[in-house]
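Residue-level structure breakdown
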Amino acid sequence: MASCSESAIDYKGGKVFLRRGGSGQTLLFLHGAGGIPAWLPYLDRLSDRYDVIAPDHPTFGQSDEPAWVEKVDDLAYFYLDFIKEQGLENVHLVGQSLGGWIALEIAVRSTHSLASLTLVGAAGIRIKGQPAADLFIMDDEELARALFKSDALAEQMLAMEPTEEQQDVIIKNKVATARLAWQPRLFNPALRKWLHRIDVPTHVIWGDSDRIIPPDYAGEFGGLIEGAAVTMIEDCGHLPNIERTDAFIDAVTGFCDRHAA
């Protein structure tokens, strides 16, 4: 596995932790509620083709917990500032789950520096009668079995024994997610009406057996964002980047390559 660089930037008096690897057109990956524990294989494979930047959102992971983060909108504005201050252009923005919601909030505000938008099992809206799973009432076993179609992967996740430091980060991420998405659960009631403002090529990727955010959301986003392409990944739960890495890489790179600067 290729290495990545690790660094931290200052923003409004706090540190934001970044992992970065590869070269080429920039791909900014926004993680979900569980964070990114390391430079995982899917990031490494993406870095074979792109300059991949994978931050820990402010309040998550190794980033600081600034008081100014009160809702997802604040993270959207942070990333708009980040893109500008880092001089990034023609960015492929990829958001997974909670990160997909952040990516949507970015894109409805400005797509000036974006080449494309990819949503992977994204939160952010609600279909009446089909709410996302309530992450806040699930125990560890319920969550693991909901994240994956594969029982083997769920068992593998449950068998892992985090270090004390890793456990602290897990708790930190859970608190950060609750801070941002407790009420209403994992969506912004005002977001849906602004999705028409997204004017860059958009790709919606979903696991066909997602038990966190139902697969019907893929078609819903596809209908709300003009021209959006939808890819359903077979035999896959909420984390196609982990559970079906080959299919995920093919879907992401195929779309981004077609919309390269």
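Rules used in this analysis
- Residue positions are given per chain, counted from 1 along the sequence in the order it is written.
- Where totals are concerned, whole chains, interfaces and linings use all residues; where local detail is concerned, this predicted model gives features only for residues with pLDDT of at least 70, and gives and counts side-chain atom pairs only at 80 or more.
- Side-chain figures throughout are based on the complete set of non-hydrogen atoms in the structure, without hydrogens or water.
- Each helix is a run of H or I in the DSSP string that is no shorter than four residues. Each strand is a run of E no shorter than two, and both are numbered from the N terminus.
- For every residue, the accessible area obtained with a 1.4 Å probe (protein chains only) is divided by the maximum for its type, and the residue is called buried under 20%, exposed over 50%, and partly exposed between those limits.
- A pair of strands is treated as paired once DSSP finds two or more bridges between them.
- Working convention: axes come from line fits to C-alpha atoms, limited for helices to the stretch in contact. Angles between N-to-C directions cover 0 to 180 degrees.
- Contact criterion: two residues are considered in contact whenever any of their non-hydrogen atoms come within 4.5 Å of each other.
- Definitions for this section: a left-handed crossing has its near helix turned counterclockwise from the far helix by less than a right angle. A right-handed crossing has that turn clockwise.
- Think of it as three bins: nonpolar holds Ala, Val, Leu, Ile, Met, Phe, Trp, Tyr, Cys and Pro, charged holds Asp, Glu, Lys and Arg, and polar takes everything else, Gly as well.
- Polar contacts, as counted here, are pairs of nitrogen or oxygen atoms within 3.5 Å of one another; within protein the pair requires one atom able to donate a hydrogen and one able to accept it, and residues that are adjacent in sequence qualify only if both atoms are side-chain atoms.

1. With respect to unusual backbone geometry
Of note, the amide linkage connecting glutamine 183 to proline 184 takes the cis form, showing an omega dihedral of -5°. Mapped onto the fold, proline 184 is located in the loop between α6 (164–181) and β7 (202–207). If you check the backbone angles, serine 97 has positive phi at about 60° while not being a glycine. Classification of serine 97 by relative accessible area gives buried; the value is 10%.

2. Quick look at the sheet that holds strand β3 (residues 26–30)
In space, the eight strands of this open sheet follow the order β1-β2-β4-β3-β5-β6-β7-β8, with mixed pairing throughout. One side of each edge strand has no neighbouring strand; the edge strands of this open sheet are β1 (5–11) and β8 (229–233). Between one strand axis and the next, the sheet turns through 20° on average, direction left out of account. Two strands pair when backbone bridges link them, and β3 and strand β4 (residues 51–55) are joined in this way by three bridges, in the parallel orientation. Pairing of threonine 26 across the sheet is with aspartate 51, part of β4. Against the sheet, helix α2 (residues 72–85) contacts β1, β2 (14–21), β3, β4 and β6 (114–120), and its axis sits at roughly 110° relative to β1. Lying over the sheet, helix α3 (residues 98–109) contacts β3, β5 (91–96) and β6, oriented at roughly 140° with respect to β5.

3. Observations regarding the packing of helix α4 (residues 140–147) against helix α5 (residues 151–159)
Any two packed helices are characterised by the angle at which their axes cross and by the distance between the axes. Running from N to C, α4 and α5 point in directions that differ by 145°, and their axes come no closer than 8 Å. As α4 packs across α5, the resulting crossing turns out to be right-handed. Across from Asp140, Glu141, Ala144, Arg145 and Leu147 in α4, the residues of α5 making contact are Asp151, Ala154, Glu155, Met157 and Leu158. Partitioned by chemical class, the residues of the contact of α4 with α5 number five nonpolar, no polar and five charged.

4. Points about the environment of arginine 19
With respect to the helices and strands, arginine 19 occurs in strand β2. Among the residues examined, arginine 19 registers a relative accessible area of 3% and is labelled buried. For the pair arginine 19 and glutamine 156, spaced 137 residues apart in sequence, the C-alpha to C-alpha distance is 25 Å. The contacts of arginine 19, once residues within four sequence positions are left out, are Cys4, Ser5, Glu6, Ile36, Pro37, Ala38, Trp39, Val52, Ile53, Ala54, Asp56 and Gln62. Of note is the side chain of arginine 19, whose polar atom sits 3.2 Å from the backbone oxygen of isoleucine 36.

Shape is all these values report; function is a separate question.
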